[in-house]
Structures are given as structure tokens and as C-alpha cells.
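One letter stands for each residue in the lines below.
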Amino acid sequence: MPAISHLFFRAGILFLIAGIGLGLAMSISQNHDVIGAHAHINLLGWVTSAIFGGYYALNPAKAEGLLPKIHFWIYTVGVVMMGVALYLLLKGNTGAEPFVAIGSLLTAAGVLIAAYVFFAPAHRGSARMQPAE
Ligand code: HEM
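Values in this document were obtained by computation on a predicted structure and should not be read as measured data. (Residues numbered from 1 in each chain as written. Predicted model: local features only at pLDDT ≥ 70, side-chain atom pairs only at ≥ 80, totals over all residues.)

Here we come to the site of the ligand. Lining the immediate environment of the ligand, one finds 14 residues, of which Gly23, Met26, His32, Ala39 and Asn42 sit closest. Residue assignment for the shell around the ligand shows that the elements contributing at least two residues are α1 (3–29) and α2 (35–58). Considered class by class, the residues forming the shell around the ligand number eight nonpolar, six polar and no charged. (Near = placed C-beta within 6 Å. Helix = DSSP H or I, 4+ residues; strand = E, 2+ residues; numbered from the N terminus. Nonpolar A, V, L, I, M, F, W, Y, C, P; charged D, E, K, R; others polar.)

Here's what the structure looks like:
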């Protein structure tokens, strides 16, 4: 599996642990105030990261070069910033709002990079033939 897939899955499982932690905390406290942070961390952080990791694993030629790394870092930093800031905002810290905005824009930029990767042709000369087993 390409290194970028490992990175996406490792980030994703950390997001899932954080998202489930928030879900359990909401359930136990019977206070669902951070539902927005919980849902976004799970769906953008875990589900979408795992889909990106799976995409690169299925298309190893697309995993080569600098762009997948830029994709990973912009997307992951965006989701971390958005998730933490959204949690703080929902807890009443209005100062976190600009960071929700910046994190959201980074996350959206990561998705646009993914769209470019999905539509662009694979790296030339990188689709190595695997010997038959
Ligand atoms: C042990 C794991 C989990 C626990 C304890 C948990 C707990 C909760 C709780 C207490 C709520 C609030 C429900 C409400 O107020 O209506 C909620 C909402 C939600 N959760 Fe989870 N959750 C878990 C895992 C997940 C996962 C893995 C995902 C997504 C991949 C997810 C996605 C959502 C979404 C989208 C909502 C909002 C639903 C709505 O607004 O109708 N949750 N969760």
C-alpha cells in the first residue's frame, strides 16, 4: 500500500477515536451540545480520510509525486483545525469562530485537490507493470 494511504488511514483512525470519544462523552453526560463537532470529525476525519486512503491504495500511480502529500496535509490540518475550533465554539468560545472558517476553507481546498487528482491522468511512466504471480 502506498505511504500516502497509510498516512490517510492513520490520521483517520485517530479522528475516529476522537469522534467516538466525543460521542461517548455526549451519551454519558446526556448533553449533546457538541453534536456538530462529533459528526464532522467522524465523517470528514474518519470516513473521508479512509476513502482517500483507499483511493490511493487502489490507484498507486496516482499516489506518486508531491500533490498527494499536499492533499494529505492541507486536508488533515484543515479537519483538525475545524474539528477543534468547532468543538470550542459549540462550548461557547466565540473567539474560535475564525479558526472554524480557516479550517473549513483548508478542508474544502483539500477536497478540491482530491477532485483534481481523481480527474487528472496518472503520473506518466509510473504505472509499473506487476509481474504475474
Ligand atoms: C461509539 C460511537 C458513537 C457514539 C457513542 C455516538 C454518539 C452520538 C450522539 C450521542 C449523538 C447525538 C444524537 C442527538 O442528539 O440526536 C450523535 C450524533 C451523530 N453521530 Fe454519533 N456516535 C458514535 C459514532 C459515530 C460515527 C462513527 C459516526 C460517523 C461515521 C457518527 C455520526 C453522527 C452523526 C452524523 C450525528 C448527527 C445525527 C443527527 O443530527 O441526526 N457517530 N452520535
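In this model, the protein carries a mean pLDDT of 94, and residues with pLDDT of at least 70 account for 92%. Low pLDDT, under 50, characterises residues 129–133; the predicted model gives this stretch zero contacts beyond four residues in sequence or across chains. (pLDDT = per-residue confidence, 0-100. Contact = placed C-beta atoms within 7 Å.)

All right, on to the environment of Asn42 then. With respect to the element layout, Asn42 can be found in helix α2. Residue contacts for Asn42: discarding those within four places in its chain leaves Leu16, Gly19 and Val47.

Our next topic: the nonpolar core. One broad trend across soluble globular proteins is that nonpolar side chains are buried collectively. Among the nonpolar cores identified, the biggest contains 26 residues, and Phe8, Phe15, Met82 and Leu86 are the most heavily contacted of them. For this core, the secondary-structure elements that each account for two or more residues are α1, α2, α3 (67–90) and α4 (97–119). For this core, the leading source of residues is α3, giving nine residues. In this structure, Phe8 is in contact with Ser49, Ala50, Phe52, Gly53, Tyr56 and Phe72, ignoring residues within four places of it in sequence. (Core = buried A, V, L, I, M, F, W, Y, C linked by C-beta atoms within 7 Å. Buried ≥ 20, exposed ≤ 12 C-beta atoms within 10 Å, placed from the backbone.)

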